[in-house]
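Survey of secondary and tertiary structure
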Amino acid sequence: MKLATLAAAGFARQLCGAANDAFEVLVLGSGLAPITEALQHLGAAQVLYADHPALANPLADKYAALIGRVAQERDSTIIVGAASTFTKDILPRVAALLDAGMLSDVIEVRAEGDDFVFKRALFAGNAIATVKLAGSPKVLTVRAAAFTAPARVEAASPIVQVAVDTGTLPSQMEFVSRDTKVAGRPDATEAKRVVSGGRALKTPEDFERLVGGLADTLGAAVGSSRALVDGGITPNSLQIGQTGKVVAPELYVALGISGAIQHMAGMKDTKVIVAINKDADAPIFEIADYGLVADVYEAVPRLIEKLKT
Ligand SMILES: Cc1cc2nc3c(=O)[nH]c(=O)nc-3n(C[C@H](O)[C@H](O)[C@H](O)COP(=O)(O)OP(=O)(O)OC[C@H]3O[C@@H](n4cnc5c(N)ncnc54)[C@H](O)[C@@H]3O)c2cc1C
């Protein structure tokens, strides 16, 4: 199960602990049996599932309509999802359908009387907004890095099927195809270790040899700065930062990355940051726990060799 999903469940449990209330999990898709079983030990009052071939791909119009309907039927007060590419598309539609207020990228919550106060990161994490949402229901997305997975609960939550009447679902969107990268290395948002490369890397081959090579030696995911994405050296899916993925691994190794605020917005919650940069004044060293002033083309092959022995 994705760490982000577990973080959203952790958030829900925290919220319900504070409000002395219960939460339910809703899962949508096709062939969901193994997933519903895995969700049974999160401490939810129920695991609801809508299982239908029409839901095999997350088309925002259908998903939003179903989530909205279930929330209305159950009189849900808060609808929460992990902040992700999919929820960015789906949950604002749910908020519109329910005429609800919406907050994205929530990083903290506290109870205040009968209500809640939320914190969310703005301007690449340089400002934190403290916000209250009027009315009910409320729709939220939460940052995976900000909340932890709930501890396993032995008692299994009951599993309840939600009826799917495809005739009542919107059909403006049609799924055509999906191009995904071939699985191999872990995803940066899920990995405990991430090795990222910046403009210092001159070609895709150099990136693969140095960044990919070090990542494989460490069992890490790879990431990149936007400079390399803009330069056509790495695919968009690798970008870490304000307009890319937000990661909070145990170890982040930045190779030839200057440390622009937009990049740091995506990795500054890492536990241990290691930077290699030939410029001793590079801003990345201000947040690095370990820094090496060196040329990545010289230092990284030696590091890989050393780690392999
Ligand atoms: C609205 C907006 C959103 C943005 N979103 C993002 C984002 O999500 N992610 C992101 O990364 N950026 C983002 N940017 C871009 C960001 O501002 C920087 O331009 C970018 O992060 C720089 O990438 P870089 O560190 O690889 O390159 P540079 O800033 O050019 O730094 C390269 C570094 O490599 C070092 N170096 C060069 N050669 C070597 C060598 N051989 N060995 C060792 N070190 C070497 C240099 O000393 C330098 O510090 C955004 C910008 C804007 C305006």
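The present account deals with the structure reproduced in this document. In this text, all values refer to a predicted model and were calculated from it rather than measured experimentally.

1. Some words on the packing of aromatic side chains
Following the criterion strictly, the structure yields two aromatic pairs and no others. With 5.0 Å between their ring centres and 80° between their planes, Phe-11 and Phe-147 make a pair best called edge-to-face. Here Phe-147 lies in the loop between strand E7 (138–142) and strand E8 (159–161) and Phe-11 lies in helix H1 (residues 3–19), a separation of 136 residues in the sequence. In this structure, Phe-11 and Phe-147 share a single accessibility class: buried.

2. Brief notes about the environment of Thr-234
You can see Thr-234 is positioned in the loop between helix H6 (226–230) and strand E11 (251–255). The spacing of Thr-234 and Thr-203 is 31 residues in sequence and 9.0 Å in space, taken between C-alpha atoms. Each residue touching Thr-234, except ones within four places of it in the same chain, is listed here: Phe-207, Ser-224, Ser-225, Leu-228 and Val-229. A polar contact of 2.8 Å, which involves the side chain of Thr-234, links it to the side chain of Ser-224.

3. Points about the side chain of Gln-239
Within the secondary structure layout, Gln-239 lies in the loop between H6 and E11. For Gln-239, a relative accessible area of 5% gives the class buried. Excluding residues that lie within four positions of it along the chain, Gln-239 makes contacts with Ser-224, Ser-225, Arg-226, Val-229, Gly-244 and Lys-245.

4. Points about the packing of helix H5 (residues 204–218) against helix H9 (residues 296–308)
Look at H5 against H9: their axes get within 10 Å of each other, and the N-to-C directions meet at 30°. If you check the angle between H5 and H9, you find them roughly parallel. The handedness of the crossing between H5 and H9 comes out as left-handed. Side by side, H5 and H9 meet where Asp-206, Arg-209, Leu-210, Gly-213, Leu-214, Thr-217 and Leu-218 of the first sit next to Val-296, Tyr-297, Val-300, Pro-301, Leu-303, Ile-304, Leu-307 and Lys-308 of the second. Across the contact of H5 with H9, the residue classes break down as 10 nonpolar, two polar and three charged.

5. What about empty space enclosed by the protein?
According to the stated counting rule, one finds one cavity of 30 Å³ or more in the structure shown. Lining the largest cavity are Arg-143, Val-246, Val-247, Ala-265, Gly-266, Met-267, Lys-268 and Asp-269. When its residues are assigned to classes, the lining of the largest cavity shows four nonpolar, one polar and three charged.

Here is what the cut-offs are and how they apply
Residues numbered from 1 in each chain as written. Predicted model: local features only at pLDDT ≥ 70, side-chain atom pairs only at ≥ 80, totals over all residues. Heavy atoms only, no water. Phe/Tyr/Trp six-rings, centres within 6.5 Å; stacked < 30°, edge-to-face > 60°. Helix = DSSP H or I, 4+ residues; strand = E, 2+ residues; numbered from the N terminus. Buried < 20%, exposed > 50% of the residue type's maximum accessible area, 1.4 Å probe, protein only. Contact = heavy atoms within 4.5 Å. Polar contact = N/O pair within 3.5 Å; in protein donor to acceptor, adjacent residues only side chain to side chain. Axes fitted to C-alpha atoms, helices over the stretch in contact; angles between N-to-C directions. Parallel < 35°, antiparallel > 145°, perpendicular 65-115°, else oblique. Left-handed = near helix turned anticlockwise from the far one by under 90°. Nonpolar A, V, L, I, M, F, W, Y, C, P; charged D, E, K, R; others polar. 1 Å grid on protein atoms, 1.4 Å probe; cavity = no way out; pocket = protein on both sides within 12 Å on 5 of 7 lines; lining within 4 Å. Points joined across faces, edges and corners; volume = space filled by probe spheres on them.

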